[in-house]
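Architecture at a glance
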Amino acid sequence: LVNFKNISGTWSLVYENSYGYSFKFSKNYRAVVIIYLNTSSIIFKGIYTIEDKGMLRINISEMKREEKIKNLNTRSGFNKAKSSYFIFHGKNIKEEKGKFLELRAVKISIDGNDSEGFFEPLIKLEQEK
């Protein structure tokens, strides 16, 4: 299960057609989540915590859409998000190929609305070196 010691770093899963995800967890509990949508990206910034039984909660404070997928500006141009959060069940996996983070979406709420379509039911992200 995930914990504060094994989650920090950048984890990503990007498919051939420029769809995918990137999760960056800093040691100061900041999180940046990027969803790649072929030619555009949605960037979420917030604070993460780990609750009972490997439950990862990311409270989203800011979000924005960029019409590109490379050289993204993660510093400015964000809109404040209200009552937005992601809850995942997280599990760390070590394999010969590297370290992976498995996330299962439990609840995705953006501006108070359930937004189930943002994430696949199971995402297997690889830790970037």
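1. Quick look at the overall build of the protein
- In terms of regular secondary structure, the protein is built from 0 helices and 9 strands.
- Each helix (α) and strand (β) of the protein, taken in turn from the N terminus, gives the series β-β-β-β-β-β-β-β-β.
- Compactness check: the protein gives a C-alpha radius of gyration of 14 Å against a globular reference of 14 Å for 129 residues, within 12% of the reference.
- Considering the protein as a whole, with its 129 residues, one finds that 43% of them fall into the buried category.
- Put simply, 46% of the contacts in the protein that link residues at least 6 apart link residues at least 24 apart.
- As presented, the protein carries roughly 7700 Å² of accessible surface, and 48% of it is formed by carbon and sulfur atoms.
- Averaging the positions of the 22 positive and the 15 negative side-chain charges in the protein gives two centres separated by 7 Å.

2. Some thoughts on the pattern of salt bridges
- Across all of its chains, the model carries 6 salt bridges by this definition.
- Two residues, E62 and K80, come together in a salt bridge whose shortest N-O distance is 3.7 Å. In this pair, E62 sits in strand β5 (residues 55-66) while K80 sits in strand β6 (residues 79-95), placing the two residues 18 residues apart along the sequence.
- A relative accessible area of 18% means that E62 is categorised as buried.
- For the salt bridge of K64 with E66, the shortest nitrogen-to-oxygen distance reads 2.8 Å. In this pair, the class of K64 matches that of E66, namely buried.
- In the salt-bridge network here, residues are joined through shared partners; they are K45, E62 and K80.

3. With respect to the side chain of E66
- Relative to the helices and strands, E66 is located in strand β5.
- In terms of polar contacts, E66 uses its side chain to reach the backbone amide nitrogen of N73, at 3.3 Å.
- Residues contacting E66, with those up to four places away along its chain left out, are S40, S41, I43, L72 and N73.

4. Digging into unusual backbone geometry
- Positive phi, normally seen in glycine, also occurs at S18, with a value near 60 degrees.
- Here S18 is to be found in the loop between β1 (9-14) and β2 (19-25).
- With a relative accessible area of 23%, S18 lands in the partly exposed category.
- If you check the backbone angles, D111 has positive phi at about 50 degrees while not being a glycine.
- Turning to its location among the elements, D111 is positioned in the loop between β7 (98-110) and β8 (113-114).
- By relative accessible area, D111 is classed as partly exposed at 42%.

5. With respect to the packing of aromatic side chains
- Under the counting rule described, the total for this entry stands at 13 aromatic pairs.
- Ring geometry for F44 against F118: centres 5.9 Å apart, planes inclined by 80 degrees, an arrangement best described as edge-to-face. Placement of F44 in strand β4 (residues 40-51) and of F118 in the loop between β8 and β9 (122-127) is noted, with a sequence separation of 74 residues between them.
- On the basis of relative accessibility, which here comes to 1%, the residue F44 falls in the buried class.
- Of the aromatic side chains, those joined through ring pairs into one cluster are F4, Y21, F23, F25, Y29, F44, Y48, F86, F88, F118 and F119.
- Between R57 and the ring centre of Y85, over which it is positioned, the NZ or CZ distance is 4.2 Å.
- Of note, K64 hangs over the ring of F78, and the distance from its end group to the ring centre comes to 4.8 Å.

Parameters at a glance
Residues numbered from 1 in each chain as written. Predicted model: local features only at pLDDT ≥ 70, side-chain atom pairs only at ≥ 80, totals over all residues. Heavy atoms only, no water. Helix = DSSP H or I, 4+ residues; strand = E, 2+ residues; numbered from the N terminus. Rg over C-alpha atoms; globule rule 2.2 N^0.38 Å. Buried < 20%, exposed > 50% of the residue type's maximum accessible area, 1.4 Å probe, protein only. Contact = heavy atoms within 4.5 Å. Areas by Shrake-Rupley, 256 points an atom, 1.4 Å probe, with all protein chains shown as cover. Lys, Arg positive; Asp, Glu negative; His and termini not counted. Charge placed at Lys NZ, Arg CZ, Asp CG, Glu CD. Salt bridge = Lys/Arg side-chain N within 4 Å of Asp/Glu carboxyl O. Polar contact = N/O pair within 3.5 Å; in protein donor to acceptor, adjacent residues only side chain to side chain. Phe/Tyr/Trp six-rings, centres within 6.5 Å; stacked < 30°, edge-to-face > 60°. Lys NZ or Arg CZ within 6 Å of the ring centre and 35° of its normal.

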